[in-house]
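Residues per chain are reported as follows:
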Amino acid sequence: MDAALLNKDVAAASAGAAPRILRNFVGGQFLDRGTPFDVYNPATGKVHARALEADAETIDLAVVAARRAVEGDWGRMPLAKRRALLIRVADRIEERFDDFLEAEIADTGKPYELAHHLDIPRGAANFRVFADAIANLSTECFEMDTPDGGKALNYAVRKPLGVVGIISPWNLPLLLMTWKAAPALACGNAVIVKPSEETPSTTTLLGEVMAEVGMPDGAFNVVHGFGPGSAGELLTTHPGIRAITFTGETRTGAAIMKAAAPTVKALSFELGGKNPAIIFADANLDAAVAGLARAVFLNTGQVCLAPERIYVERPVFDCFVAAMKAKAEGLKAGAPYAEGTTLGPLISDEHRRKVLEYYRLAIAEGATLITGGGVPQLKGEAADGYFVEPTLWTGLGPDARICREEIFGPCAHIAPFDTEEEAIRLANDTDYGLASSIWTTDLARAHRVGKEMEVGISWVNCWFLRDLRTPFGGAKMSGIGREGGEHSINFYSEPTNICIKL
Ligand code: NAD
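Fair warning: this is a prediction, and the values are worked out from it, not measured in the lab. (Residues numbered from 1 in each chain as written. Predicted model: local features only at pLDDT ≥ 70, side-chain atom pairs only at ≥ 80, totals over all residues. Heavy atoms only, no water.)

Enquirer: Can you walk me through the nonpolar core in this structure?
Expert: Side chains of nonpolar character tend, in soluble globular proteins, to be buried together. Counting 93 residues, the largest nonpolar core has Phe127, Leu185, Leu206, Met215, Phe220 and Leu305 as the members making the most contacts within it. Taken domain by domain, this core gets at least three of its residues from each of domain 1 (3–271 + 479–501) and domain 2 (275–467). Contacts of Leu206, omitting those with residues within four sequence positions, involve Val89, Ile93, Phe100, Phe127, Met177, Thr178 and Phe220. Among the nonpolar cores identified, the runner-up in size contains 23 residues, and Ala293, Val296, Phe317 and Ala328 belong to it. (Core = buried A, V, L, I, M, F, W, Y, C linked by side-chain atoms within 4.5 Å. Buried < 20%, exposed > 50% of the residue type's maximum accessible area, 1.4 Å probe, protein only. Domains from an automatic or database assignment. Contact = heavy atoms within 4.5 Å.)

Enquirer: Just checking my understanding: could you explain the sheet that holds strand β1 (residues 20–22) for this structure?
Expert: What the three strands build is an open sheet, ordered β1-β5-β4; its pairing is mixed. With partners counted over all chains shown, the strands left at the sheet margins are β1 and β4 (35–41), one partner each. If you compare each strand with its neighbour and ignore which way they point, the axes differ by 30 degrees on average. Across the sheet, helix α4 (residues 97–108) touches β1, β4 and β5 (46–53), and the angle it forms with β4 is around 90 degrees. (Pairing = 2+ DSSP bridges. Helix = DSSP H or I, 4+ residues; strand = E, 2+ residues; numbered from the N terminus. Axes fitted to C-alpha atoms, helices over the stretch in contact; angles between N-to-C directions.)

Enquirer: Help me understand the pairing of strand β7 (residues 151–160) in this model?
Expert: Put simply, side chains in a regular strand alternate between the two faces of the sheet. Pairing of strand β6 (residues 141–145) with β7, which is carried by five bridges, proceeds in the antiparallel orientation. Looking across to β7, one finds that Phe142 is bridged to Asn154. Counted along the chain from β6 to the antiparallel partner β7, the turn is five residues long, and its residue Gly149 has a positive phi close to 85 degrees.

Enquirer: Looking at this model, I keep getting lost on helix α3 (residues 79–95). Mind explaining?
Expert: The end-to-end C-alpha separation of α3 is 24 Å, in line with the 24 Å expected for 17 residues at 1.5 Å each. Against the buried residues of α3 lie α4, α5 (112–135), α6 (173–186) and α7 (201–213). (Expected span 1.5 Å × (residues − 1).)

Enquirer: Help me understand the domain arrangement of the protein chain, please; the structure alone is not making it clear to me.
Expert: Quite often, the size of an interface is put as the accessible area lost when its parts meet. Structurally, the protein chain comprises domain 1 (3–271 + 479–501) and domain 2 (275–467). Here domain 1 and domain 2 have C-alpha centroids that lie 31 Å from each other. With 25 residues of domain 1 at the contact, the number on the domain 2 side is 28 residues. Both sides of the domain 1 and domain 2 interface together cover about 2,100 Å² of buried area, and 63% of this is carbon and sulfur. Here domain 1 and domain 2 share zero salt bridges between them. On inspection of domain 1 and its partner domain 2, the count reaches five residue pairs in polar contact (both at pLDDT 80 or more). Going through the elements one at a time, α4 and α5 are the ones with two or more residues in the side of domain 1 that touches domain 2. Its residues assigned to classes, the side of domain 1 that touches domain 2 shows 12 nonpolar, seven polar and six charged. (Buried area = accessible area lost by both parts, 1.4 Å probe. Salt bridge = Lys/Arg side-chain N within 4 Å of Asp/Glu carboxyl O. Polar contact = N/O pair within 3.5 Å; in protein donor to acceptor, adjacent residues only side chain to side chain. Nonpolar A, V, L, I, M, F, W, Y, C, P; charged D, E, K, R; others polar.)

Enquirer: What is the right way to look at the environment of Gly162 in this model?
Expert: Following the sequence through the fold, Gly162 ends up in the loop between β7 and β8 (163–167). The spacing of Gly162 and Asp98 is 64 residues in sequence and 33 Å in space, taken between C-alpha atoms. Other than its neighbours up to four places away in sequence, Gly162 contacts Arg67, Val70, Asn189 and Ala190.

Enquirer: I'm lost on the site of the ligand in this one. Help?
Expert: As a structural note, the neighbourhood of the ligand is formed by 30 residues, with Trp170, Glu197, Thr252, Leu271 and Glu406 the closest of them. The separation between an oxygen atom of the ligand and a polar side-chain atom of Glu406 is 2.5 Å. Its free accessible area being 850 Å², the ligand has 91% of it covered by the protein chains. Among the elements of the structure, α8 (231–237), β11 (243–247) and α9 (250–260) are those that each provide at least two residues to the shell around the ligand. A per-class count over the shell around the ligand returns 14 nonpolar, 10 polar and six charged. Structurally, the shell around the ligand is a two-domain feature, drawing no fewer than three residues from each of domain 1 (3–271 + 479–501) and domain 2 (275–467). (Near = heavy atom within 4 Å. Areas by Shrake-Rupley, 256 points an atom, 1.4 Å probe, with all protein chains shown as cover.)

Below you can see the structure in the form of structure tokens.
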């Protein structure tokens, strides 16, 4: 395998030379085949890498290699050894922390501090958590009475599903990809990962890591490309792939479901959101403002869990809006490594056009602009980056499009409410159901309202606080299934029940 060659590309790219080349990683080898496409650094608007698009033949090669791994060295590897390899992957990500950090920042333009504290550590943590999860699960067992007065013993053994296709988005590239790859591998599956075409670098680096730690060839494969008519669609329709685990937009999930139907693949979907936050008048307001400012603006609002609808009990509404305005105006947009940068760019020029169209629409719909609404004027290397201003509105009703459609930018609409029932009704008035964030000091209310939320996760007095053993996923149009801890293991394994007449 030519990991050394890839490393040279990384070094050359960092030195401002030619863009690095990102190859498909199939059967333990980096392949030199595929049509190159450009990968942009959104903080500068410049091409920093070129990835090789996988064609049907490359996908076939990946499926054959993956199948061989499941049936051979990897699928049959003793649990203790498999677990040790997963821990070794986590160790190696940490040893190569700076390489991952540089690659993630080049693809996303996100502030150094954010990638340093969130993206890369979670990439390693995902492997540790699922190495533990797989080692600590019990086997389901039932003793039954038989019609002849005897007994039978039932027990279920978990087996790998086979070859699993992982299709991931660009907002938290390493974090979200490893959130799927780690449990799938822990169960003994082989995976074929298609990272987002916008952010292929850290997944490619993980291919290097897999080779370095001695992962059997074909257990982890990377194919680059786009969705329709490209690597994404080729994975969803391939008869040799047993399951697709996907994170991305709801309408992409719908397209994948349709494409995967003829080959009856198992599906796990983590999709879009239009998440509510509710601030009651009894809340610790300083904590709520700090929590919501982080929730709305982290990663430039490009977090599926970010609240874009905030409901505030009327007595504290004005005070909350003023404090959020100050927080938004205190953010500093800029280049990832620049001192004091707290707000990165959006992922692409296309996404910036979409977000700015919502900024325009909000005003057209009659919103009151509290702050932002435009593009910041930046100097130096970030002048051509895809930045927008953090933006807050008030004044619109629940039917306004900006209150119903996922924008995926650093923005939120803030509306007042008068009663708990009204807050619950407004929060649930959406097709989506990913996450909510409730702020109150009344414990009984926290339990009551938390349970009423039609979402996969209800946070109280916090946001994005994750215990990776807990169920994670979306209700309504925000997803299918749950992952996390045992929930992931259940999705990525196939139980066979063995019934023995005693
Ligand atoms: P996207 O749906 O545009 O793309 C995601 C991936 O799907 C990419 O790799 C893309 O190439 C691929 N793809 C696109 N069309 C495809 C097709 N027809 N067949 C197969 N693959 C296809 O999403 P995105 O813009 O990368 O990410 C942003 C979206 O992801 C937002 O809606 C956000 O809410 C959602 N998201 C959800 C979660 C969650 O946990 N629920 C987490 C992060 C992001």
